[in-house]
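A look at the structure
Listed here are the chains, written in short residue letters.
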Amino acid sequence: MEITLVGIGLKGGQLTLEGYEAATSGKKVFLRTALSESGKWIMDKGIKAEPLDYIYERSRNFDTLSEKLAKTVLDAARHEDVVYLVDGDVSDDVSCGIILKKRRSVKVINGVSKASAYLSRLAIGGEYTAVSAYDIEGATLSLPVVVFDVDSDFIAGKVKLVLSDRFGDEIPCCFFHGGDMKKIMLYEADRQDKYDYSAAIVIDKLDFLHRQRFDFDDLYDILSVLRSENGCPWDRAQTKDSIRMNTIEEAYELIDAVKNGDEAGIMEEVGDVILQTVFQILFAEDRGSFTKRDALSAICEKLISRHTHIFGADRAEKADDALAVWEKNKKIEKGYASGAEYLKAVPSSFPALMRAEKVSKRAAKYNLDFNGAEQVFDKIYEECDKVRREMGGDSEKLKSECGDLLFLAAVLCLKLGVECEEALTISTEKFIDRFTKVESAIKADGKEMKDLTAEEIDGYYNEVKKSENR
């Protein structure tokens, strides 16, 4: 049997001729609600339609309501042709969306959308976002935005929370009810006198200077303005190379904030890292290399293709298994022709200790590895002797031998399951703490560190170490 979905607009007289003919065709006609202005008009015209308002009373929430409305229409369509009349446009209605997903052969007769009706009152044109109040959670929102079906103070409160999180609660908006409209602040959205099917909230575009909340696209737009012809001289002067080290600095500041458990600091530093990312996107767009959508698409594709234990046939029960799957897929994607290419792919801009650890780990996958920690210890002793022999000799040879010793230290950490950067950071912090205590102890004795011999300072240092073990 055939199903016809008809949008009847927001008020009497907005039903199209095609929609009127469908509603009066003698088929089974359902009317979503007879309580709205357009629904009352349908009933006043003597159109034989069965209002479904009783379903509202039997539904615990909007999702249940939409499912029940759709089921009523679909069940009836098993036995006869059905016409379903809904307020606004068919695209406005969630129950119509459910029907369209479940039935392929559905005829749609569009009407005046709820969004366009409200926007025309405010002379707002161009692109906009429109969503039912009952479907606002999880929706992608951008200005201008129209939220319709704000039919109770409870629903208005939910709308206020979602919109406030996205745009700030002090943003001006327009509240519609019946044929009336008034300007309010968003925080007043759930404090109005009346709510029903005609109530809606509309927020127009607002420039950056009057906004409280922003998203990634806003950051992109703001930085684009700063780099434009009449923008900031400093921002305009930057290149992909000039701010290269800024990215590293911001990343380390983020790591510090994480280590210190500084939530406000983490939030700030995350923003700074994202700023550096947007800078590089704008530089790339200037070069015609890639766009922000290209970058976001690339990372999404990578996450999908590397997680074949989630989105494919591979299996991984533990974190180590998942990492192995990731590395396997990475090798396939990168198309490394040899182990040498795999090692050379470790970025040269990594901190030297981190790079040594990663290179050693990759070499081990090609069986160039030590049999265990004890074998590494033996090699370290050998390298220590080499360093000692080069002391006072050729500086380049000494540098090379010291490098070998450091590399082996990284290999040893890897064998022992210790993260090099973290271990060295802990030791450095420990040394700074001990230095502070030594300096304080010396000053407590009325002395200055610079006036003492190395042996004397070493005595204080040993006392500090002893005190830590007590």
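Position numbers for residues count from 1 along each chain, tracking the sequence in the order it is written. For a predicted model such as this one, the threshold for reporting local features is a pLDDT of at least 70, and the threshold for listing and counting side-chain atom pairs is 80 or more; totals across whole chains, interfaces and linings nevertheless cover every residue. In computing side-chain properties, one takes all heavy atoms of the structure into account and sets aside hydrogens as well as water.

**Overview of the overall build of the chain**
We count it as follows: Note on conventions: DSSP H or I runs of at least 4 residues are helices, E runs of at least 2 residues are strands, and numbering of each starts at the N terminus. The globule rule used here is 2.2 Å times the number of residues to the 0.38 power, and the radius of gyration it is set against is calculated over C-alpha atoms. Per-residue accessibility, obtained with a 1.4 Å probe over protein chains only, is compared with the maximum for each type, and a residue is labelled buried under 20%, exposed over 50%, and partly exposed between these values. The contact criterion used is simple: two residues touch if any of their non-hydrogen atoms lie within 4.5 Å. Shrake-Rupley sampling with a 1.4 Å probe provides the accessible areas, and residues are treated as covered by the protein chains on show and by no other component. Working convention for charge: Lys and Arg count positive, Asp and Glu count negative, and His plus the chain ends are omitted. For the purpose of locating charges, the reference atoms are NZ of Lys, CZ of Arg, CG of Asp and CD of Glu.
Secondary structure assignment for the chain yields 20 helices and 10 strands. By the compact-globule yardstick of 23 Å for 470 residues, the chain is too spread out, its C-alpha radius of gyration being 34 Å. Along the longest, intermediate and shortest principal axes, the C-alpha atoms of the chain span 105 × 55 × 55 Å. Taking all 470 residues of the chain together, the buried fraction comes to 36%. Excluding contacts between residues fewer than 6 apart, the proportion of contacts in the chain whose partners are at least 24 apart in sequence is 57%. Carbon and sulfur atoms make up 53% of the accessible area of the chain, which totals about 28300 Å². When the 67 positive and 86 negative side-chain charges of the chain are each reduced to one mean point, those points stand 4 Å apart.

**Observations regarding the sheet that holds strand β10 (residues 200-203)**
Stated formally: In short, DSSP must find at least two bridges between two strands for them to pair. Note on method: axes are straight lines fitted to C-alpha atoms, helices fitted across the in-contact stretch only, with angles between N-to-C directions ranging 0 to 180 degrees.
Sheet architecture is open: 5 strands sit in the order β6-β7-β10-β8-β9, paired in mixed fashion. Unpaired on one side and paired on the other, β6 (129-132) and β9 (180-185) mark the two borders of the sheet. Ignoring strand direction, the axes of neighbouring strands in this sheet form an average angle of 20 degrees. Inspection of the sheet shows strand β8 (residues 172-177) paired to β10 by 3 bridges, in the antiparallel sense.

**Remarks on helix α17 (residues 373-390)**
Stated precisely, the cut-off is as follows: One less than the residue count of a helix, multiplied by 1.5 Å, gives the span that helix is expected to have. Directions from the helix axis toward the C-beta atoms define the arc.
The first and last C-alpha atoms of α17 sit 26 Å apart over 18 residues, in line with the 26 Å expected at 1.5 Å per residue. The complete set of buried residues in α17 reads Ala373, Val376, Ile380, Glu383 and Val387. When α17 is viewed along its axis, its buried side chains cluster within an angular range of 70 degrees and face the same direction. Exposed and oriented more than 90 degrees from the buried face of α17 are Glu374, Tyr381, Arg388 and Arg389. In this structure, the buried residues of α17 make contact with α18 (395-415). Just downstream of α17, Gly392 is the residue with a positive phi angle, here 80 degrees.

**Details of a nonpolar patch on the surface**
Convention followed: Candidate patch residues must exceed 30% relative accessible area and have no salt bridge, after which like charges are joined if within 9 Å and Val, Leu, Ile, Met, Phe, Trp or Tyr side chains if within 5 Å. Whenever Lys or Arg places a side-chain nitrogen within 4 Å of a carboxyl oxygen from Asp or Glu, that contact is recorded as a salt bridge.
Taken together, Met245, Ile248, Tyr252 and Ile255 make up a surface patch of nonpolar side chains, about 350 Å² in accessible area. Relative to the helices and strands, Met245 resides in helix α10 (residues 244-259). Judged by its relative accessible area of 42%, Met245 is partly exposed.

**Some remarks on the packing of aromatic side chains**
Put simply, the rule reads: Put simply, two rings from Phe, Tyr or Trp (the six-membered ring, in Trp's case) pair if the centres are within 6.5 Å, and we call them stacked under 30 degrees between planes, edge-to-face over 60, tilted for the rest. We count a charge as sitting over a ring when the NZ of a lysine or the CZ of an arginine lies within 6 Å of the ring centre and within 35 degrees of the ring normal.
Inspection of every chain in the model, using the stated rule, returns 7 aromatic pairs. Measuring from centroid to centroid gives 6.2 Å for Tyr342 and Tyr366, while their planes differ by 55 degrees, and the two rings are tilted. On the criterion of sequence distance, the pair formed by Tyr342 in helix α15 (residues 339-344) and Tyr366 in the loop between α16 (352-364) and α17 is long-range, its members being 24 residues apart. Using a relative accessible area of 1% as the deciding quantity, one classes Tyr342 as buried. A relative accessible area of 43% places Tyr366 in the partly exposed class. One aromatic cluster is present, formed by Trp234, Phe279 and Phe283 through successive ring pairs. Here Lys292 stacks its cationic end above the ring of Tyr220, 4.1 Å away from the centre of that ring. One cation-aromatic arrangement involves Arg306 over Trp326; the distance from NZ or CZ to the ring centre is 4.8 Å.

**Considering the layout of surface pockets**
The line we're drawing: In this analysis a 1.4 Å probe is tested at points of a 1 Å grid over the protein atoms alone, and where it fits but cannot get out there is a cavity; an open set with protein on both sides within 12 Å along at least five of seven lines is a pocket; lining residues have an atom within 4 Å of a point. Grid points are joined across faces, edges and corners, and a volume is the space filled by probe spheres set on the points. Polarity classes work like this: nonpolar for Ala, Val, Leu, Ile, Met, Phe, Trp, Tyr, Cys and Pro, charged for Asp, Glu, Lys and Arg, and polar for all others, with Gly in that last group.
Approximately 670 Å³ is the volume attributed to the largest pocket. Lining of the largest pocket is provided by 20 residues; of these, Tyr252, Ile255, Pro351, Met354 and Glu421 occupy positions nearest its centre. Of all elements in the fold, only α10 and α19 (420-444) reach the threshold of two or more residues within the lining of the largest pocket. Residues belonging to the lining of the largest pocket are distributed by class as follows: 10 nonpolar, 4 polar and 6 charged. If you add up the space inside the second largest pocket, you get close to 550 Å³. Taken together, 31 residues make up the lining of the second largest pocket; nearest its centre are Leu10, Tyr118, Gly178, Tyr197 and Ser198. Sorting the residues of the lining of the second largest pocket by element identifies α2 (37-44), α4 (62-76) and α6 (114-121) as the ones contributing at least two each. Along the lines of polarity and charge, the residues of the lining of the second largest pocket split into 11 nonpolar, 8 polar and 12 charged.

**Some remarks on the environment of Asp53**
Threshold: In protein, a polar contact means a hydrogen-donor-capable atom and an acceptor-capable atom, both N or O and within 3.5 Å, with residues adjacent in sequence counting only if both atoms are side-chain atoms; elsewhere, any N or O pair within 3.5 Å suffices.
Along the chain, Asp53 falls in helix α3 (residues 53-57). Here Asp53 falls in the buried class, since its relative accessible area comes to 16%. Remark: the alpha-carbon pair of Asp53 and Lys447, spanning 394 residues in sequence, is separated by 89 Å. Those residues in contact with Asp53 that lie beyond four places of it in its chain are Arg32, Thr33, Ala34, Leu35 and Tyr197. Within the local environment of Asp53, its side chain forms a polar contact with the side chain of Thr33, the two groups lying 2.6 Å apart.

These figures capture arrangement, not role.
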